[in-house]
Amino acid sequence: MTEQQQKTPYDLPDASGLTIGILGGTGDQGKGLARRFALAGHRVTIGSRKAERAQAAAGELGADLPVSGAENPVAAGESDVVIVAVPWDGHKATLESLRAELAGKIVVDCVNPLGFEKGKGAFALPVEEGSAAEQAAAVLPDSRVVAAFHHVSARLLLDPGVDEMELDVLVLGNDREATDLVQALAGRIPGMRGVYGGRLHNAHQIEAFTANLISMNRRYKAHAGLRITDV
Ligand SMILES: NC(=O)c1ccc[n+]([C@@H]2O[C@H](COP(=O)([O-])OP(=O)(O)OC[C@H]3O[C@@H](n4cnc5c(N)ncnc54)[C@H](OP(=O)(O)O)[C@@H]3O)[C@@H](O)[C@H]2O)c1
């Protein structure tokens, strides 16, 4: 067996000192991730199109956590790792406007391009570049784009009664050092484990699978997540 094959999802770099910025961090997903990473000891900057909204969101999470709020360009510029948590509608334009701030950074895309229709439920939208993550990589050629956190429930992230998240996060990307670091970052949240899930050209089905999870959640009144067996 080669060294590459022996590598486990636990043989990862130390991510404990990383600062995290979250674009669109005023929404439930961004705020939920901000809360969990801050609880794990990371300094987090919630980003927004309006500084006041970001500061209000940071304030809602509690003065005892290392979270602040700022406009998206500031959150992007001052953080080691930047999570994209804006709706699909605003994805491309947001990233295009932050190309300079995001250059050289690890950019973690958790955006699910989904549509919703009565009688049909949630479904994956076609994306010209293949997936939201590949769109991010096309728009940000100087950034290290990683896809992760698509299946993490914002409700659970924000629920103070949930101590452990109990799910695996599939981490995809073309830069193995960057995917290792994001796997390690996922592992900073109690109960969560980051598992390498392939290169960016496989991101479409990971984003699309969220539509299936939404169907499960509706049917079973749950907040379903994934566990990968035998790794
Ligand atoms: N909710 C979940 O459970 C969940 C789980 C996994 C992945 N995701 C993904 O995470 C992303 C965020 O989800 P969410 O539920 O938190 O979304 P959301 O509340 O609809 O949006 C998040 C924030 O994005 C900003 N925003 C809204 N429209 C924008 C636009 N056109 N351009 C730039 N910024 C815009 C807003 O912040 P400001 O107005 O303050 O700028 C908003 O508070 C989505 O792409 C979703 O697919 C969500």
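Computed from a predicted structure; not experimentally measured.

**Regarding the overall build of the protein**
What the protein contains, in helices and strands, is 10 helices and 10 strands. Relative to its length of 231 residues, the protein is compact, with a C-alpha radius of gyration of 17 Å against a globular reference of 17 Å. With the C-alpha coordinates of the protein rotated into their principal frame, the extents come out at 50 × 50 × 40 Å. Here the contacts in the protein between residues at least 6 apart in sequence split such that 72% fall between residues at least 24 apart. By element, 49% of the accessible surface of the protein is carried by carbon and sulfur atoms, the whole surface being about 11100 Å².

**Digging into the UniProt feature "domain: Pyrroline-5-carboxylate reductase catalytic N-terminal" (unreviewed entry) in the protein**
Under the UniProt annotation, "domain: Pyrroline-5-carboxylate reductase catalytic N-terminal" (unreviewed entry) lies at residues 19-113. Between the end C-alpha atoms of residues 19-113 there is a gap of 27 Å, over a span that is 41% helix and 23% strand.

**Concerning helix 2 (residues 28-39)**
With 12 residues, helix 2 extends 16 Å between its outermost C-alpha atoms, agreeing within 8% with the 16 Å of an ideal straight helix rising 1.5 Å per residue. For helix 2, the buried fraction is high: 10 of the 12 residues fall into the buried class. Inspection of helix 2 places Q29, G30, K31, G32, L33, A34, R35, R36, F37 and A38 among the buried residues, and these make up the whole buried set. At the C-terminal side of helix 2, G41 shows a positive phi close to 100°.

**What about the environment of A203?**
Tracing the backbone through its elements, the reader meets A203 in helix 10 (residues 203-220). The class of A203 is buried, set by a relative accessible area of 0%. In this structure, the C-alpha to C-alpha distance between A203 and Q29, residues 174 residues apart in sequence, is 19 Å. When sequence neighbours within four positions are dropped, the list of residues in contact with A203 reads S131, A133, A147 and L172.

**So, the side chain of T45**
When you line up the elements, T45 lands in strand 2 (residues 44-48). When its relative accessible area of 2% is taken as the criterion, T45 is described as buried. A distance of 2.7 Å separates the side chain of T45 from the side chain of E78, its partner in a polar contact. Non-local contacts of T45, meaning those with residues more than four positions away in its chain, are made with I20, G21, I22, S68, A70, A75, E78 and S79.

**With respect to the packing of aromatic side chains**
If you walk through the whole model with that rule in mind, you get 1 aromatic pair. Of note, K120 hangs over the ring of F123, and the distance from its end group to the ring centre comes to 4.5 Å.

**Focus: the environment of F209**
Among the secondary structure elements, F209 is positioned in helix 10. The exposure class of F209 is partly exposed, given its relative accessible area of 26%. Distance from F209 to H151, taken between C-alpha atoms, is 8.2 Å for residues 58 residues apart in sequence.

**Section: the pairing of strand 7 (residues 121-124)**
For a regular strand, the rule is simple: side chains alternate between the two faces of the sheet. Relative to strand 7, strand 6 (residues 114-117) is paired through 4 bridges, and the arrangement is antiparallel. Residue pairing in the sheet places F116 in a bridge with A122 of strand 7. Two successive antiparallel strands, strand 6 and strand 7, enclose a turn made up of 3 residues, where G119 displays a positive phi of approximately 85°.

**Observations regarding the nonpolar core**
In this structure, F37, F149, M165 and M192 are the most contacted members of the largest nonpolar core, which totals 40 residues. Among the elements that take part in this core, helix 9 (residues 176-186) stands out by supplying 5 residues, more than any other. In this structure M165 touches R36, V152, S153, L156, L157, I189, P190, G191 and M192, once residues within four positions along its chain are discounted. Core analysis: the next-biggest nonpolar cluster, separate from the first, contains 24 residues, L98, A133, V139 and V195 among them.

Cut-offs and rules
- The residue count restarts for each chain, going from 1 along the sequence in the order it is written.
- Note on the predicted model: pLDDT of at least 70 is required for a residue's local features to be given, and 80 or more for side-chain atom pairs to be given and counted; whole-chain, interface and lining totals, by contrast, use all residues.
- For the side-chain quantities, the full set of heavy atoms in the structure was used; hydrogens and water were omitted.
- A run of DSSP states H or I qualifies as a helix once it reaches four residues; a run of E qualifies as a strand once it reaches two. Both are numbered from the N-terminal end.
- Note that the radius of gyration is over C-alpha atoms, with the globule rule given as 2.2 Å times the number of residues to the power 0.38.
- We call two residues contacting when some pair of their heavy atoms lies within 4.5 Å.
- Exposure was quantified through the Shrake-Rupley algorithm and a 1.4 Å probe, taking into account, for residues, occlusion by the shown protein chains and nothing else.
- UniProt positions are given in the numbering used here, feature names are shortened, and annotations may be inferred rather than shown by experiment.
- Multiplying 1.5 Å by the residue count of a helix minus one yields the expected span of that helix.
- Per-residue accessibility, obtained with a 1.4 Å probe over protein chains only, is compared with the maximum for each type, and a residue is labelled buried under 20%, exposed over 50%, and partly exposed between these values.
- Throughout this description, a polar contact denotes any pair of N or O atoms lying within 3.5 Å of each other; where both atoms belong to protein, one of them has to be capable of donating a hydrogen while the other can accept it, and for residues adjacent in sequence the pair is counted only when both atoms sit in side chains.
- Any two of the Phe, Tyr and Trp rings considered here, Trp counted by its six-membered ring, make a pair once their centres fall within 6.5 Å; the pair's planes then place it as stacked at under 30 degrees, edge-to-face at over 60, or tilted in between.
- Both a distance and an angle decide whether a charge sits over a ring: NZ of Lys or CZ of Arg must be within 6 Å of the ring centre and within 35 degrees of the ring normal.
- The rule for pairing is simple: two strands pair if DSSP sees at least two bridges between them.
- Nonpolar cores were defined as sets of buried Ala, Val, Leu, Ile, Met, Phe, Trp, Tyr and Cys residues, with membership established by side-chain atoms within 4.5 Å.

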